[in-house]
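Structural overview for review
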Amino acid sequence: MEGTDPVNKKLAAALSGGAVLVLALSGCSSSSDDGNKELDAWAKQVCDALPAQDAKVDAANAAIKSAATDNNAPVNVQKTDSQAFQDMSDAYKALAQAIQKAGTPPGVEGGEKKKQDAVTALNGLSTSYAGLKKQVDALDTKDQGKFADGLQDIATELGKLSKSGNTALKNLEEGDVKSAMAQQDSCKKVAASSSARATTS
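Structure report, in brief. None of these values were measured; they are calculated from a predicted model.

Considering the packing of helix 4 (residues 74–102) against helix 6 (residues 144–161)
Axes are the key here: two packed helices are described by the angle between their axes and the distance separating the axes. Where helix 4 meets helix 6, the closest approach of the two axes is 12 Å, and the angle between their N-to-C directions is 25°. Looking at the two axes, helix 4 sits roughly parallel to helix 6. Regarding helix 4 and helix 6, the two cross each other, and that crossing is left-handed. Counted together, Pro74, Val77, Gln78, Asp81 and Phe85 of helix 4 and Gln144, Phe147, Leu151, Ile154 and Leu158 of helix 6 form the full contact between these two elements. Counted by class, the contact of helix 4 with helix 6 contains seven nonpolar, two polar and one charged residues.

Details of the packing of helix 3 (residues 37–67) against helix 4
Contact geometry for helix 3 and helix 4: axes closest at 9 Å, N-to-C directions at 170°. When the axes of helix 3 and helix 4 are compared, the pair comes out roughly antiparallel. Residues belonging to the contact of helix 3 with helix 4 are distributed by class as follows: 20 nonpolar, four polar and five charged.

A word on the packing of aromatic side chains
For the structure shown, the criterion picks out two aromatic pairs. Each ring, one from Tyr92 and one from Tyr129, has its centre 5.5 Å from the other, and the planes form 15°; the classification is stacked. One end of the pair, Tyr92, is in helix 4; the other, Tyr129, is in helix 5 (residues 111–137), with 37 residues separating them in the sequence. For Tyr129, a relative accessible area of 0% gives the class buried. Within the aromatic cluster, the residues linked to one another by ring pairs are Phe85, Tyr92 and Tyr129.

So, the side chain of Ser89
Position of Ser89 among the secondary structure elements: in helix 4. Beyond its immediate sequence surroundings of up to four residues, Ser89 is in contact with Ser126, Tyr129 and Ala130.

What counts, and at which threshold
Along each chain, residues carry numbers from 1 onward, in the same order as the chain's sequence is written. Only residues with pLDDT of at least 70 are given local features in this predicted model, and only at 80 or more are side-chain atom pairs given and counted; all residues enter the totals for whole chains, interfaces and linings. Heavy atoms throughout the structure, all of them, feed into the side-chain values; hydrogens and water do not. Between N-to-C directions, angles cover 0 to 180 degrees, with each direction set by a line fitted to C-alpha atoms, over the stretch in contact for helices. Helix and strand definitions follow DSSP, with helices as H or I runs of at least four residues and strands as E runs of at least two, each counted in order from the N terminus. Angle categories: roughly parallel below 35 degrees, roughly antiparallel above 145, roughly perpendicular from 65 to 115, and oblique for all the rest. Take the far helix as your reference; a near helix turned counterclockwise from it by less than a right angle gives a left-handed crossing, and one turned clockwise gives a right-handed crossing. Should any heavy atoms of two residues lie within 4.5 Å, those residues are considered in contact. Amino acids outside the nonpolar list (Ala, Val, Leu, Ile, Met, Phe, Trp, Tyr, Cys, Pro) and the charged list (Asp, Glu, Lys, Arg) are all regarded as polar, and Gly is one of them. Stacked, tilted and edge-to-face pairs are distinguished by plane angle, under 30 degrees for stacked and over 60 for edge-to-face with tilted covering the rest, among Phe, Tyr and Trp rings (Trp via its six-membered ring) whose centres lie within 6.5 Å. For the exposure calls, accessible area comes from a 1.4 Å probe over protein chains only, and a residue counts as buried if that area is under 20% of its type's maximum, exposed if over 50%, partly exposed in between.

Right, dumping it as structure tokens:
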């Protein structure tokens, strides 16, 4: 089974960047101001949606890393990875819906475009992870070499995904939005878990 093992590990390594995409929304600073009550309410709505989806992505990452162990049968890797990609797809879709529902951040210049860009980016990620699920479902688990090659292709795609989508999310969380989000307990929680993961990964 050693043929797929290095590739499994490469897949796990590529995935470790996945969680960053959720956390880009909550790169919370400690700055605070008297604030804008409407913007604070908007930030609370978005931040409150984050922990559950962040946990879902984190669990999916952990499952894929766990599956990338020595001598794990391809059929087991396929099953685990397929479910993990589905969970990630669901998580990003839920985040897009949460931002769409929260609406335009009040009092923010270009807020509508920033919101829409973030929603588009998150929906795009959801679609991409759903595509990876189909890709892993289609792999031939009976042919070790083909399975390894297929995982290699998926790892390459994952590497690209982990770098995409961040810009629009960062644009959304600039300035006053970032300050408002930084004051929300739910965003602080996600930022803390992000920091903890960064030090252990």
